[in-house]
Amino acid sequence: MTSANSGAGAAAPPPGPAPVPVLLEARRLVRDFGSFRAVNDVSLRVAEGTIHSVIGPNGAGKTTLFRLLTGIHRPTSGRVLLDGRDVTGQAPHAIARRGLAQSFQLTTIFPRLTVLESVQAAIVAASGHRADFVSRFHRSTVPEAMRVLGRVGLADHARTLAGTLSHGDQRALDVALALATKPKVLLLDEPTAGMSEAETERTIALIADLVRTGGITVLFSEHDMDIVFGISDRVTVLHQGRVIAEGTGPQVRANEEVTAVYLGGSGWGMQRDA
């Protein structure tokens, strides 16, 4: 006689959490400049809704990696996938329209335009319209531009000339220009470089808010280790163009090769790598 509680009658175990989609992926990227290999077999997976940082000493290959991801450089070999689509070798504007935007280490603002006009211009460019400043389409972008400025804390500076902003506000405007393209993934290259302590705190709060409430995934490079380990969901460490470690902040902190190569064996008391 078979027990009523055995075999097929047993309850199935509850399903585990659904895997988080990968929005940006590098597969074995290589970039050579003549005989110099700047990026060496780098693979990277950036999950949706996360903050993923890339760190490494000066010359580790961080900027070249970002340029490969955004299409500024073509890889010698390897692939780049954005939201599951192969975008390897596509032009930067084509990749941007698929949802990848970058805010650069050096600001890329339009100094003779107002803050509002700058964001309007970015919205127009992203739309593909051939519009000028007096067109009906351009005028219709004001509400959207003001919404973007509100996200980065610059709504009160809408009528200010971009070139007269403080350094921190110029960096915030640079982020606004990237946000105007409605990206899925935002790349930030040294977002706090040259900022005061107050400006840095505001920028880090902005990045966290973009991910938490804005539905944006962030990949960024940064020298300040307090920022990296305080905000990142995952950390990838580059050295001489190759990945030497990847994981959560605690995992990377505990990695002996990272400590020896990246910080010269001095431990994690240092905040900066340069």
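Since we're looking at a predicted model, the values are computed, not measured.

### Comments concerning the environment of Ala205
And step 1. Mapped onto the fold, Ala205 is located in helix H7 (residues 197-214).
And step 2. Taking the C-alpha atoms as reference points, Ala205 and Ile231, separated by 26 residues in sequence, lie 9.3 Å from one another.

### Remarks on the nonpolar core
And step 1. Counting residues in each nonpolar core, the largest one holds 36 residues, and the members touching the most others are Val119, Leu149, Leu173, Leu186 and Val218.
And step 2. Taken together, the elements giving at least two residues each to this core come down to helix H3 (115-127), helix H5 (142-151), helix H6 (167-179), strand S7 (185-189), H7, strand S8 (217-221) and helix H8 (225-231).
And step 3. Apart from residues no more than four positions distant in its own chain, Val218 is found in contact with Thr50, Ile51, His52, Leu186, Leu188, Ile207 and Val211.
And step 4. Judged by nonpolar contacts, the second largest core, of 23 residues, contains Ala26, Leu69, Leu82 and Leu219.

### Things to note about the pairing of S7
Consecutive side chains of a regular strand alternate in pointing toward one face of the sheet and then the other.
And step 1. With respect to burial, S7 is a largely interior element, 5 of its 5 residues being buried.
And step 2. Two strands pair when backbone bridges link them, and strand S6 (residues 100-103) and S7 are joined in this way by 4 bridges, in the parallel orientation. Each residue of the ladder has a partner; that of Ala101, found in S7, is Leu186.
And step 3. Across 5 bridges, S7 lies against S8 in parallel orientation. Across the sheet, Asp189 pairs through a bridge with Ser221, a residue of S8.
And step 4. Running through H7, the crossover from S7 to the neighbouring parallel element S8 is right-handed.

### Side note on the side chain of Lys62
And step 1. Tracing the sequence through the fold places Lys62 in helix H1 (residues 62-70).
And step 2. Overall, Lys62 belongs to the buried group, its relative accessible area being 8%.
And step 3. Polar contacts involving the side chain of Lys62 include one to the main-chain carbonyl oxygen of Gly56, which spans 2.8 Å.
And step 4. Among all residues touching Lys62, those that are not within four sequence positions of it are Val54, Ile55, Gly56, Pro57, Glu190, Ser221 and Leu238.

### Quick notes on the pairing of S8
And step 1. Buried residues dominate S8, accounting for 5 of its 5 residues.
And step 2. Along S8, one buried face is formed by Thr217, Leu219 and Ser221 and the opposite face, lined by Val218 and Phe220, is buried too.
And step 3. As defined by bridge partners, strand S3 (residues 51-55) adjoins S8 across 4 bridges and the pair is classed as parallel. Its bridge partner lying in S8, His52 is registered against Leu219.

### Considerations on unusual backbone geometry
Both trends apply: most residues other than glycine have a negative phi, and most peptide bonds are in trans.
And step 1. Despite not being glycine, Arg28 shows a phi value in the positive range, around 50°.
And step 2. Mapping Arg28 onto the fold places it in strand S1 (residues 22-33).
And step 3. Taking relative accessible area as the criterion, Arg28 reaches 56% and is therefore assigned exposed.
And step 4. At Glu190, a residue that is not glycine, the phi angle is positive and equals roughly 50°.

### What about the layout of surface pockets?
And step 1. Here the largest pocket is characterised by a volume of approximately 660 Å³.
And step 2. Taken together, 27 residues make up the lining of the largest pocket; nearest its centre are Ala96, Ala101, Leu177, Ala178 and Thr181.
And step 3. Among the secondary structure elements, those contributing two or more residues to the lining of the largest pocket are helix H2 (92-97), S6, H3 and H6.
And step 4. If one sorts the elements of the lining of the largest pocket by residue count, H3 sits on top with 6 residues.
And step 5. Taken together, the residues that form the lining of the largest pocket break down as 15 nonpolar, 7 polar and 5 charged.

### Quick notes on the confidence of the model for the chain
And step 1. Confidence in the prediction for the chain averages 86 pLDDT; 83% of positions are at 70 or higher.
And step 2. Element-level mean pLDDT values for the chain span from 68 in helix H4 (residues 136-140) up to 98 in strand S4 (residues 77-82).
And step 3. Taken together, the stretch residues 269-274 has pLDDT below 50 and engages in 15 contacts with residues farther than four places along the chain or on a different chain.

The rules behind each value
- Residues numbered from 1 in each chain as written.
- Predicted model: local features only at pLDDT ≥ 70, side-chain atom pairs only at ≥ 80, totals over all residues.
- Heavy atoms only, no water.
- Helix = DSSP H or I, 4+ residues; strand = E, 2+ residues; numbered from the N terminus.
- Core = buried A, V, L, I, M, F, W, Y, C linked by side-chain atoms within 4.5 Å.
- Buried < 20%, exposed > 50% of the residue type's maximum accessible area, 1.4 Å probe, protein only.
- Contact = heavy atoms within 4.5 Å.
- Pairing = 2+ DSSP bridges.
- Right-handed = clockwise from strand over helix to strand, strands pointing away.
- Polar contact = N/O pair within 3.5 Å; in protein donor to acceptor, adjacent residues only side chain to side chain.
- 1 Å grid on protein atoms, 1.4 Å probe; cavity = no way out; pocket = protein on both sides within 12 Å on 5 of 7 lines; lining within 4 Å.
- Points joined across faces, edges and corners; volume = space filled by probe spheres on them.
- Nonpolar A, V, L, I, M, F, W, Y, C, P; charged D, E, K, R; others polar.
- pLDDT = per-residue confidence, 0-100.

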